[in-house]
Amino acid sequence: MPTVSIVRCGRYDLSEVRRAVEAALAPLGGIRAFVRPGARVLLKPNLLIPAAPERAITTHPAVVEALIGLVREAGGEPFIADSPAGPLHNPVGMAALYRKTGMAEVAGRTGVVLRREADSLQVPTPEGALLKRIDLLKAWKEADVIISLPKLKTHNLTLVSGALKNTFGLVPGLTKPGYHSKLADVDQFCDMLLDVVACVRPALTVMDGVLALEGDGPSTGGVPRPLGLILASPDPVALDEVMCRLIGVDPGSLALFRAAERRGWWPADIALAGVPLEEAAVRDFRLPAARRAARPMRGRRWLLRLVTRSLTPRPVPRRGRCTACGDCVRMCPRGAIAIAGRTAVVDDGLCIRCYCCHEICPEAAVDLRFSPAGRLLRLAGLM
Ligand code: SF4
Ligand code: SF4
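From a predicted model like this one, the values you see are computed outputs, not experimental measurements.

Please explain the domain arrangement of the protein chain as it appears in this structure.
Many structure descriptions define interface size as the accessible area lost when the parts assemble. Looking at the assigned domains, one finds that the protein chain contains domain 1 (3-280) and domain 2 (298-379). Averaged C-alpha coordinates put domain 1 and domain 2 at centres separated by 26 Å. Each partner contributes to the interface: domain 1 provides 21 residues, whereas domain 2 provides 19 residues. With both sides pooled, the region where domain 1 packs onto domain 2 buries about 1600 Å², and carbon together with sulfur makes up 62% of that total. Our count for the contact surface shared by domain 1 and domain 2 stands at zero salt bridges. Connecting domain 1 to domain 2 are four residue pairs in polar contact (both at pLDDT 80 or more).

Here it is in structure tokens:
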């Protein structure tokens, strides 16, 4: 039975975070249950875009630094690797990523290595439900142990972004939107995420829920929300289930958990440790406007596509806010975006509602707008 720890942590003070992480790991056997002397340990934070830690889009550097200290005390050699959204994985983009997210400062203090290269390898995954080969960063192969450090966030496509979503960051740069393109359906997309989890096999997940992200996450559209929590578990499915229950989401309503159920990974009994779930739970956590991931996909697929299309919000770059930087154009897996008259413009006929453009836009310029029918249904409380 997997154990999930919930521990309070009021602020990003390094000693306080470290105490909280140690308390979260104690019921799991402590860091030594995962890291043996000499082990090379890949710490995988969520570094989606170059954003300051207080925006709660990325894993806070204090959480990463606490893990660096613990891994070293266990005799391990930690290093950090991640691949940000699409076109940002290049030398200039990685320098900005590590600087803005506070990782460069952590590296300056601790000497930990920050991996920047986008070199990848294809990993055969015969047991994969959808992908039989997965492109992963080469750094993954060099690690003896993977410790995943997700941020507790909402997500416009999968509704939540936690332990299961975080390993997708090891898929390099522009391969990510490629997967989005091939697997446009959210159920398929979640199946693919679980293929990646099965391939990456994180030994331990420590989730940063001190300052979470609610609303239209997982990027600049979200709003920071202090929860004051650190969660930990060796089982990413169990951890995400507890995260869902903390923020008032029924896991059974999500494509992610339906995919886990198809593999026999879920539901499973969970042993909880630390703060009782009902005590830590928040009642008013704001979910994304695009809640299609919460609805089961049953019935005729073409009809579901049609309904999904008309009832899910479409991305609309906002004139005046868009700087025509072109990041969304390069990221869009369907080539649905062009720059016209110094503003990005979306061809709705090509758009598959993956929301990569919303996720990557550094100016938070991509609005998600419902159709009149969608607005009416929302007003009537029917969606
Ligand atoms: S919408 Fe955002 S990402 Fe796209 S061109 Fe405009 S500013 Fe850049
Ligand atoms: S326009 Fe945006 S939401 Fe639509 S396919 Fe392109 S990246 Fe995805």
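Got a minute to help me understand the packing of aromatic side chains in this structure?
Here a ring pair, both rings aromatic, is described through the centre-centre distance and the interplanar angle of the planes. In the structure shown here, the tally under the stated rule is three aromatic pairs. On the basis of an interplanar angle of 90° and a centroid distance of 5.6 Å, the ring pair of Phe-168 and Phe-189 is categorised as edge-to-face. Of this pair, Phe-168 sits in the loop between helix 6 (163-166) and helix 7 (175-182) while Phe-189 sits in helix 8 (residues 186-200), and the two are 21 residues apart along the sequence. Accessibility assignment for this pair places Phe-168 and Phe-189 in one class, buried. Measuring from ring centre to ring centre gives 5.2 Å for Phe-257 and Trp-266, while their planes differ by 65°; the resulting arrangement is edge-to-face. Across the pair, Trp-266 and Phe-257 agree in class, each one buried.

About the cut-offs
Residues numbered from 1 in each chain as written. Chains lettered and ligands numbered in written order. Predicted model: local features only at pLDDT ≥ 70, side-chain atom pairs only at ≥ 80, totals over all residues. Heavy atoms only, no water. Domains from an automatic or database assignment. Contact = heavy atoms within 4.5 Å. Buried area = accessible area lost by both parts, 1.4 Å probe. Salt bridge = Lys/Arg side-chain N within 4 Å of Asp/Glu carboxyl O. Polar contact = N/O pair within 3.5 Å; in protein donor to acceptor, adjacent residues only side chain to side chain. Phe/Tyr/Trp six-rings, centres within 6.5 Å; stacked < 30°, edge-to-face > 60°. Helix = DSSP H or I, 4+ residues; strand = E, 2+ residues; numbered from the N terminus. Buried < 20%, exposed > 50% of the residue type's maximum accessible area, 1.4 Å probe, protein only.

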